[in-house]
Amino acid sequence: MSRRPKIFGHLMAEVIRKGRCVSCGACAAVCPVNSIALEEGVPKLVGLCIACGMCYNNCPRAEFDVEEMERQVFGRARGEDEAETGVVKAVYAVRTKDAGILERCQDGGAVTAILSQFLADGGECAVVAGLEEGKVWSPEPVVAVSREEVVAGAGTKYTSCPILVGVASAVNEYEKQKVAVVGTPCQMRALRRIETGDYSEAKIREAVALDVGLFCMETFGYSSLMEFLERAGVDASKVTKFDIKKGRFIAWQGDEQVYNVKLSEMKELVRPCCHECDDFASEFSDVSVGNVGSPDGWSTVVVRTERGEAALRAAEKGGLIEVKPLGEVKPGLKAVVKLARLKKKQAKKGE
């Protein structure tokens, strides 16, 4: 006799009430009767639950079997030398050659360049974290259908964004059939659950053509971050870029640093759900990107799948990026491994 599926009530008891929800929006994205909505980042039941089990079984925090997912996504489990990084095909240092992207990008502009080439080559849209109109630095998912919209979404937002809600919008409302998605490690895990297994969502699975993951150590609560900056005398509405480098959180206004503080002074702002996450390098993406391991002005790109490699090489062939093996630059892969190991260690402490 088959086991009855776990449903929204289980999600509420095991994930949401325990502060483990990452606010990715996967549960809302896959609900076949649109009975789940996010209110201030928290999933709420707003209609009849039909007990299908889609929400629970696509949550990145619900019974996630790492090795089984690796076999489904990559065809193999990670080797001993990939314990911290996840399955890897190749690792590169990448920098954009496009002036327009360079002006807006966070580091080397690899993500924006790859997405721009994806659209140029027939991709229909890219789901990225943009900023909500009328609010200060409040992320919201954006279905970017042009290079200009992709470039506008460049830059890291250090608070959560329900990116999977944007994926559902791209597929169901915009009716896009070739979609790229950019997200954090937890969002990539949610997306892979939606793409694979017994509870996969067919329309999303068939439409998503590229999963781009971001390196992520932790994220901050939106309200907490805004209040923190206000107390520090920082007008967030005038900040043009936030950055984290060498253990410090930096706010920029154009070329001027208007705030620079040790990350250790911001520990109380970290979302509780981040304390149990052990994935730094977005281990389930096609290609993972971050600034750790490469020189200033470059991005580290971890290629994990054939379609990830194809997307990177397309951007190189299109003249948007220059690519070097990460072994040719410093500090190299060891810096990525160091932070990935630290995050796994911290997550184990939080269990």
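Computed from a predicted model, the values in this text were never measured in an experiment.

Per the secondary structure count, the chain includes 13 helices and 13 strands. The C-alpha radius of gyration of the chain comes to 19 Å, within 12% of the 20 Å expected for a compact globule of 351 residues. For the chain, the residues scored as buried account for 54% of the 351 residues in total. Put simply, 69% of the contacts in the chain that link residues at least 6 apart link residues at least 24 apart. Of the roughly 16500 Å² of accessible surface on the chain, 48% is carried by carbon and sulfur atoms. Of the side-chain charges in the chain, 48 are positive and 50 negative, and the distance between the mean point of each set is 5 Å.

So, on to unusual backbone geometry. Across the junction of Lys330 and Pro331, the peptide omega takes the value 5°, indicating a cis bond. The residue Pro331 is located in the loop between strand S13 (321-325) and helix H13 (333-349) in this model. The backbone of Glu63 sits at a positive phi, close to 45°, despite the residue not being glycine. As for its position among the elements, Glu63 is in the loop between helix H3 (54-57) and helix H4 (66-74). Even without a glycine there, the phi angle at Trp137 is positive, about 55°. Following the sequence through the fold, Trp137 ends up in the loop between strand S4 (125-131) and strand S5 (139-144).

This model, assessed by the stated rule, comprises eight aromatic pairs. Residues Phe74 and Phe284 carry aromatic rings whose centres are separated by 6.3 Å and whose planes lie at 25° to one another, so their mutual orientation is stacked. Of the two residues, Phe74 is situated in helix H4 and Phe284 in the loop between strand S10 (256-262) and strand S11 (287-290); the sequence distance between them amounts to 210 residues. According to the relative accessible area criterion, Phe74 is buried, its value standing at 16%. A network of ring pairs unites the aromatic residues Trp137, Tyr158, Phe220, Phe242 and Phe249 as a single cluster. Sitting over the ring of Tyr92, Arg313 keeps its end group 4.7 Å from the ring centre.

Definitions and cut-offs
- Residues numbered from 1 in each chain as written.
- Predicted model: local features only at pLDDT ≥ 70, side-chain atom pairs only at ≥ 80, totals over all residues.
- Heavy atoms only, no water.
- Helix = DSSP H or I, 4+ residues; strand = E, 2+ residues; numbered from the N terminus.
- Rg over C-alpha atoms; globule rule 2.2 N^0.38 Å.
- Buried < 20%, exposed > 50% of the residue type's maximum accessible area, 1.4 Å probe, protein only.
- Contact = heavy atoms within 4.5 Å.
- Areas by Shrake-Rupley, 256 points an atom, 1.4 Å probe, with all protein chains shown as cover.
- Lys, Arg positive; Asp, Glu negative; His and termini not counted.
- Charge placed at Lys NZ, Arg CZ, Asp CG, Glu CD.
- Phe/Tyr/Trp six-rings, centres within 6.5 Å; stacked < 30°, edge-to-face > 60°.
- Lys NZ or Arg CZ within 6 Å of the ring centre and 35° of its normal.

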